[in-house]
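Fold and geometry: a report
Spelled out, the chains give:
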Amino acid sequence: MTKLICQRIMLKLSGEALMSDSGGSIDPDIVKRLATEIKELCDAGIQVGLVIGGGNILRGAEQAAEGLNRVTGDQMGMLATVINALAMQDALEFLGQPVRVMSALQINEVCEDYIRRRAVRHLDKGRVVIFAAGTGNPFFTTDSAASLRAIEIDAELMIKATKVKGVYSDDPEKVADATFYAKLTYDEALDQRLNVMDTTALVLCRDNDMPMRVMNVFEPGAIMRLMQGEEIGSLIERGK
């Protein structure tokens with residue numbers, strides 16, 4: 001069997017990745033496909049932590065711009081991530097993959113509280129751990145939550161799953177000649193204000209030497225090929 005480059009990863013999915021083309025908040029077929037790929041990773045011996053955004057249901061910052069209190073809007077957004085986490089949990093369990101949802105907010109009736117040591121034990125036992133409700137605090141994005149959790153669980157790599165090949169100088173869907181970056185440093189991403197993650201998330205990864213791979217989540221089998229050593233997407237690392 002091909003040697004795997006990582007034993008433990010953090011996968012960050014946007015909530016929009018779960019949306020159907022018709023505009024539905026959660027497309028069961030997309031959730032099932034993503035769950036199938038995650039199970040394949042687990043079957044290969046890779047421990048998977050997962051953070052899913054809530055933008056397919058609600059964005060707190062957008063609600064705040066419409067007049068809702070920002071703290072309230074962000075709390076609503078955290079609950080949206082719990083909904084997505086439960087949907088993914090159900091899809092994984094249907095495939096026979098053990099999984100736990102751990103929430104930064106206390107919602108004991110539907111999922112576990114986030115406790116770092118317990119999360120690591122779940123991973124060691126081959127369970128997917130879905131980290132829901134962000135950091136549990138307003139003003140922090142799920143990108144920041146993914147970076148924080150990746151560091152806390154000692155992940156070897158964080159994968160930012162997007163709809164495009166990787167990191168570009170501009171939006172490739174709007175700028176035809178946008179430059180693709182196969183490799184870059186966190187400082188370069190910050191200095192050039194590339195649309196990778198928010199500043200807090202990038203600084204967390206940089207200061208804790210957490211490498212990140214940005215790649216297209218809609219390319220079937222791409223994550224497994226990455227784990228087998230294929231150069232896919234854009235690699236962001238701390239500079240020398």
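This write-up is about the structure you can find in this document.

Description of the pattern of salt bridges
Following the criterion strictly, the structure yields 15 salt bridges and no others. Glu 231 is the partner of Arg 213 in a salt bridge, and the nearest nitrogen-oxygen pair spans 3.3 Å. Of this pair, Arg 213 sits in strand 10 (residues 212-216) while Glu 231 sits in the loop between helix 8 (222-227) and strand 11 (234-237); the two residues are 18 residues apart in sequence, bridging distant segments of the chain. Using a relative accessible area of 6% as the deciding quantity, one classes Arg 213 as buried. One continuous salt-bridge network, built from bridges that share partners, spans Lys 12, Asp 143 and Lys 160.

Section: helix 7 (residues 199-207)
Inspection of helix 7 places Ala 201, Leu 202 and Cys 205 among the buried residues, and these make up the whole buried set. Seen from one end, helix 7 has its buried residues packed into an arc of 95 degrees, which puts them on one side. Buried-residue contacts for helix 7 involve helix 5 (142-152), strand 6 (157-162), helix 6 (186-191) and strand 10. For helix 7, the N-terminal cap is Asp 198; the gap from its side-chain oxygen to the backbone nitrogen of Thr 200 is 3.1 Å. Trailing helix 7 by a residue or two, Asp 209 shows a phi angle of about 55 degrees, which is positive.

Considerations on empty space enclosed by the protein
Inspection of the entire model under this criterion finds 2 cavities of 30 Å³ or more. In this structure, the largest cavity occupies an estimated 50 Å³ of space. What lines the largest cavity is simply Leu 11, Leu 13, Leu 34, Glu 37, Ile 38, Val 217 and Ile 223. Looking at the lining of the largest cavity, the elements with two or more residues in it are strand 1 (8-13) and helix 1 (28-43). Considering every element that reaches the lining of the largest cavity, the biggest residue donor is helix 1, with 3 residues. Here the residues of the lining of the largest cavity are counted per class, giving 6 nonpolar, no polar and 1 charged. Space inside the second largest cavity adds up to approximately 40 Å³. Lining the second largest cavity are Glu 37, Ile 38, Glu 40, Leu 41, Gly 221, Ile 223 and Met 224. Of all the secondary-structure elements, those providing two or more residues to the lining of the second largest cavity are helix 1 and helix 8. Looking at the lining of the second largest cavity, the element that brings in the most residues is helix 1, giving 4 residues. Of the residues belonging to the lining of the second largest cavity, the class tally is 4 nonpolar, 1 polar and 2 charged.

Let's talk about the layout of surface pockets
Approximately 1,200 Å³ is the volume found for the largest pocket. Looking at the largest pocket, it is lined by 48 residues, and the ones nearest its centre are Ser 14, Glu 16, Arg 59, Asp 143 and Lys 160. Considering each element in turn, the lining of the largest pocket owes the most residues, 5 residues, to helix 3 (residues 70-94). Residues belonging to the lining of the largest pocket are distributed by class as follows: 18 nonpolar, 17 polar and 13 charged.

A closer look at the packing of aromatic side chains
Under the definition given, this model contains 2 aromatic pairs. Note on Tyr 114 and Phe 131: the rings are 5.7 Å apart at their centroids and 75 degrees apart in plane angle, and the pair reads as edge-to-face. You can see Tyr 114 sitting in the loop between strand 4 (112-113) and helix 4 (116-124) and its partner Phe 131 sitting in strand 5 (residues 128-132), a full 17 residues away along the chain. With a relative accessible area of 3%, Phe 131 lands in the buried category. Geometry around Tyr 114 places Arg 149 over its ring, the cationic atom sitting 3.8 Å from the centre. Sitting over the ring of Phe 180, Lys 165 keeps its end group 4.3 Å from the ring centre.

Cut-offs and rules
- Residues numbered from 1 in each chain as written.
- Predicted model: local features only at pLDDT ≥ 70, side-chain atom pairs only at ≥ 80, totals over all residues.
- Heavy atoms only, no water.
- Salt bridge = Lys/Arg side-chain N within 4 Å of Asp/Glu carboxyl O.
- Helix = DSSP H or I, 4+ residues; strand = E, 2+ residues; numbered from the N terminus.
- Buried < 20%, exposed > 50% of the residue type's maximum accessible area, 1.4 Å probe, protein only.
- Arc of directions from axis to C-beta.
- Contact = heavy atoms within 4.5 Å.
- Polar contact = N/O pair within 3.5 Å; in protein donor to acceptor, adjacent residues only side chain to side chain.
- 1 Å grid on protein atoms, 1.4 Å probe; cavity = no way out; pocket = protein on both sides within 12 Å on 5 of 7 lines; lining within 4 Å.
- Points joined across faces, edges and corners; volume = space filled by probe spheres on them.
- Nonpolar A, V, L, I, M, F, W, Y, C, P; charged D, E, K, R; others polar.
- Phe/Tyr/Trp six-rings, centres within 6.5 Å; stacked < 30°, edge-to-face > 60°.
- Lys NZ or Arg CZ within 6 Å of the ring centre and 35° of its normal.

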